[in-house]
Amino acid sequence: MNPTESPRLTVIGTGYLGATHAICMAVLGYEVLGIDVDERKIAKLAAGEVPFFEPGLPELLTKALESGRLRFSTSFAEAGEFGDVHFICVGTPQQPGSDACDLTYVNAAIDSLAPHLARRALVVGKSTVPVGTAAELTERLQRLAPAGTAVELAWNPEFLREGYAVDDTMHPDRLVFGVASDWADQQLRAAFRPVLDQGTPVIRTDLATAELVKVAANSFLATKISYINAMAEVCEAVGADVKDLADSLALDDRIGGKFLKPGLGFGGGCLPKDIRAFAHRAEEIGVGQAVSFLREVDAINRRRRARTVDLVRELLGGQISGHRIACWGAAFKPNSDDIRDAPALDVARTMHGLGGHVRVYDPAALDNARRAFPELRYGENALDVARDADVVVLLTEWSEFREIDPDALAEVVAHRRIVDGRHALDAARWREAGWEYRALGRS
């Protein structure tokens, strides 16, 4: 097989990003080897089990395994022998006690792979890292690899949306190639040929710019979300309606409606830690003032959680303690089981700590929530947790919550009170059904 036409791919790290990338690339026709140090994760994937919730991915994993093009291993020696293009897809969490990005797993991946690279190969970072990391990793990689400077590093940031990761991998809106040579660009193009044949735009750029694209995009999205939530604070003060305000702004084609959604704010494993790490890195390189607004973006987002608890307290007559509270949602967003920095669970835990009798239901994230927060109580469905509740609080905008009939819910609750933390419900419909309806930024 000619590696310049159809390179063999390895994917280092088989978490959310890596597993999705490995599976989709195999379905697109590449020979792929997934590598991870977690033997249990590798065993699950090899047995056809996706260790997280992502619509459509289990079916693609079965298809990829049956094709014989996808295998999994814990051996970096096997990876070095097998692969022509090696994708680094490990996690880059926030450092404990700091806003800085933790590069432990990225460095470990390079340290484990490099000694087995005895021929020309391309190593491609997909993980979100502070700008300047790629330059440091290039030196580290070429120093440790037997093939030396014949091994090159490129950066290809990912833009996956949880719940839509398959489509975002197979049909992305753009590809960014941060490369240091024409050869690296050619290898990346060969590694994404079926995607490029669809007409997907490619931005070829330098390593530093490629590193910045993901954090710049996430910072912009986080700013837009926090902007409309800042307007919600103003609306609450003057008795205005933030939903009508947002709808009006969305019709301005300079602004648009995407991510202009008021409510509980963002969470998950990307936006919160990425904007904090970006601000931290900017301060390290002497341009912290340029992105200082990101600190307030983060603060606005955090305030939404406390304000949601305040809404519940107000609806309960000023006291949460002793009241039965149904929480709909645990994941940070619908179509995901990811509970990292989930606003829903943050609100539920706060109300539990204030003495509320809190019960939580989520269509996909219950197992993760139970493991992380065993002190909370959980139910089997939305109506189950709402039985005899003094208030229902919608915290993750799953479609099944949107579709619940107000009259049917009224039959199981103790009081018709609902806090819509995601502006997901039709306020007029619920009020007409006799419910006290509250939402952030709405009178």
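Calculation criteria
- Residues numbered from 1 in each chain as written.
- Predicted model: local features only at pLDDT ≥ 70, side-chain atom pairs only at ≥ 80, totals over all residues.
- Heavy atoms only, no water.
- UniProt positions renumbered as here; feature names shortened; annotations may be inferred.
- Salt bridge = Lys/Arg side-chain N within 4 Å of Asp/Glu carboxyl O.
- Buried < 20%, exposed > 50% of the residue type's maximum accessible area, 1.4 Å probe, protein only.
- Core = buried A, V, L, I, M, F, W, Y, C linked by side-chain atoms within 4.5 Å.
- Helix = DSSP H or I, 4+ residues; strand = E, 2+ residues; numbered from the N terminus.
- Contact = heavy atoms within 4.5 Å.

- Under an unreviewed UniProt entry, the name given to the chain is UDP-glucose 6-dehydrogenase, and the source organism is Actinomadura keratinilytica.
- A UniProt comment under Catalytic activity (unreviewed entry) is attached to the chain, and it reads "UDP-alpha-D-glucose + 2 NAD(+) + H2O = UDP-alpha-D-glucuronate + 2 NADH + 3 H(+)".
- In its Sequence similarities (unreviewed entry) section, the UniProt record describing the chain reads: "Belongs to the UDP-glucose/GDP-mannose dehydrogenase family."

**Thoughts on the pattern of salt bridges**
Okay, so step 1: This model, assessed by the stated rule, comprises 42 salt bridges.
Okay, so step 2: We note a salt bridge from D36 to K41, for which the minimum N-O separation is 3.8 Å.
Okay, so step 3: Overall, the relative accessible area of 9% leaves D36 in the buried class.
Okay, so step 4: Relative accessible area serves as the criterion here: at 24%, K41 is assigned to the partly exposed category.
Okay, so step 5: Residues participating in the shared-partner salt-bridge network are E233, E236, E296, R303, R304, R307, E314 and R438.

**Thoughts on the nonpolar core**
Okay, so step 1: I325, W328, M351 and L409 are the most contacted members of the largest nonpolar core, which totals 57 residues.
Okay, so step 2: For this core, the element with the most residues is helix α14 (residues 343–353), which contributes five residues.
Okay, so step 3: Among residues more than four places away in sequence, those in contact with I325 are V312, L316, I320, M351, G356, H357, V358, R359, V391 and V393.
Okay, so step 4: By size, the runner-up hydrophobic cluster in this structure holds 43 residues, among which are L57, C89, A191 and F192.

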